[in-house]
Amino acid sequence: MTFDDGPVPEVTPWVLSVLADFKARATFFVVGENVKKHPEVFRRIVEQGHSIGNHTYNHLKGWKTGDKGYLENCRKCAEVLNQEGGLFRPPYGRMRKSQIKEVLKMYEKIVMWDVLSYDFDKLLSPEVCLKKVLRKSREGSIVVFHDSIKAKDNLEFVLPRFLEAFSNKEFVFEPLSV
Ligand SMILES: [Zn+2]
């Protein structure tokens, strides 16, 4: 399980407590400016044994940003995370080829996903969101959720039910590593 775009105090602490209830560990692709604003929430993610990835400082669109600016933004995020190398996920899952090349000089892995929950989609009901994510997830899946205000309503319904369904099938939830 991966959680993008946090940390935010309105959602992330709740996510952490649900994950703890199911003894699940995940990977959080954090936005640097949110970490800067909410260092105590960020600390809790790390203390709970989840892994952390860089998701740029300002959630940049790579295809709308020059390479130099994009790389600087990634470095700025790495600085607040106090983390050299590791995992990177481009916002929106997209960036220029030249940016991929540069990012791979700084990071061991660029992590995409095979299951996108669409938890951020206000047009999707929580029930349908859950049904889709349950159907698409399988052993070894990398599933994307969002610990963001936008995704909150769907996530509050989907996350505990997702964890329960797969815990009942004896799945374990491991954080990604390099
Ligand atoms: Zn994102």
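Residues numbered from 1 in each chain as written. Predicted model: local features only at pLDDT ≥ 70, side-chain atom pairs only at ≥ 80, totals over all residues.

Q: So what exactly am I meant to see when it comes to the overall build of the protein chain here?
A: On a plain count of helices and strands, the protein chain comes out with seven helices and seven strands. Radius of gyration (C-alpha) of the protein chain: 16 Å, near the 16 Å computed for a compact globule of 178 residues. Once the C-alpha set of the protein chain is aligned to its principal axes, its extents read approximately 45 × 30 × 30 Å. By residue count, 39% of the 178 residues in the protein chain fall in the buried class. Look at the contacts in the protein chain between residues 6 or more apart in sequence, and 76% of them connect residues 24 or more apart. (Helix = DSSP H or I, 4+ residues; strand = E, 2+ residues; numbered from the N terminus. Rg over C-alpha atoms; globule rule 2.2 N^0.38 Å. Buried ≥ 20, exposed ≤ 12 C-beta atoms within 10 Å, placed from the backbone. Contact = placed C-beta atoms within 7 Å.)

Q: What exactly am I supposed to notice about the sheet that holds strand E2 (residues 27-30) here?
A: Note on sheets: strands pair through backbone hydrogen bonds, and any given pair is parallel or antiparallel. Taken in spatial order, the seven strands make up an open sheet running E5-E4-E3-E2-E1-E7-E6, and their pairing is parallel. The open sheet is flanked by strand E5 (109-110) and strand E6 (115-116), the only strands paired with a single partner. (Pairing = 2+ DSSP bridges.)

Q: I would appreciate a short explanation of the nonpolar core in the present structure.
A: Taken as a class, soluble globular proteins show a tendency for nonpolar side chains to be buried jointly. Counting 44 residues, the largest nonpolar core has Phe28, Val30, Phe145 and Val158 as its most contacted members. Contributing elements (two or more residues each) for this core: helix H1 (12-21), E2, helix H3 (39-47), helix H4 (67-81), strand E4 (87-88), helix H6 (126-136), strand E7 (143-146) and helix H7 (152-168). (Core = buried A, V, L, I, M, F, W, Y, C linked by C-beta atoms within 7 Å.)

Q: Which parts of the structure should I look at to understand the packing of H1 against H3?
A: If you want to describe how two helices pack, look at the angle between their axes and the distance between the axes. Axis separation between H1 and H3 bottoms out at 10 Å; the angle between their running directions is 15 degrees. Regarding the angle of H1 to H3, the classification is roughly parallel. As H1 runs across H3, the sense of the crossing is left-handed. Contact residues: H1 offers Thr12, Pro13 and Leu16, while H3 offers Val41, Arg44 and Ile45. (Axes fitted to C-alpha atoms, helices over the stretch in contact; angles between N-to-C directions. Parallel < 35°, antiparallel > 145°, perpendicular 65-115°, else oblique. Left-handed = near helix turned anticlockwise from the far one by under 90°.)

Q: Explain the environment of Arg135 here, please?
A: Tracing the sequence through the fold places Arg135 in helix H6. It is 9.7 Å that separates the C-alpha atoms of Arg135 and Val115, two residues lying 20 residues apart in sequence.

Q: How should I be thinking about H3 in this particular structure?
A: For an α-helix, the turn length of 3.6 residues means that residues three or four places apart are oriented alike. Among the residues of H3, those classed as buried are Val41, Phe42 and Ile45. Looking straight down H3, one finds that the buried residues subtend no more than 100 degrees of arc, so they occupy a single side. In H3, the exposed positions that point more than 90 degrees away from the buried face belong to Pro39, Glu40, Arg43 and Glu47. Of the residues trailing H3, Gly49 is marked for its positive phi of about 90 degrees. (Arc of directions from axis to C-beta.)

Q: Whenever I open this one, H7 confuses me. Can you help?
A: Taking 1.5 Å of rise per residue, the 17 residues of H7 would be expected to cover 24 Å, and the 24 Å separating its terminal C-alpha atoms lies within 8% of that figure. A maximum bend of about 30 degrees is found in H7 at Val158, where proline Pro160 lies one to four positions downstream. Buried residues of H7: Asn154, Leu155, Val158, Leu159, Phe162 and Phe166, and no others. Where H7 is buried, its residues meet H1, H6 and E7. (Expected span 1.5 Å × (residues − 1). Bend = angle between axes of the 7 residues up to and from the residue.)

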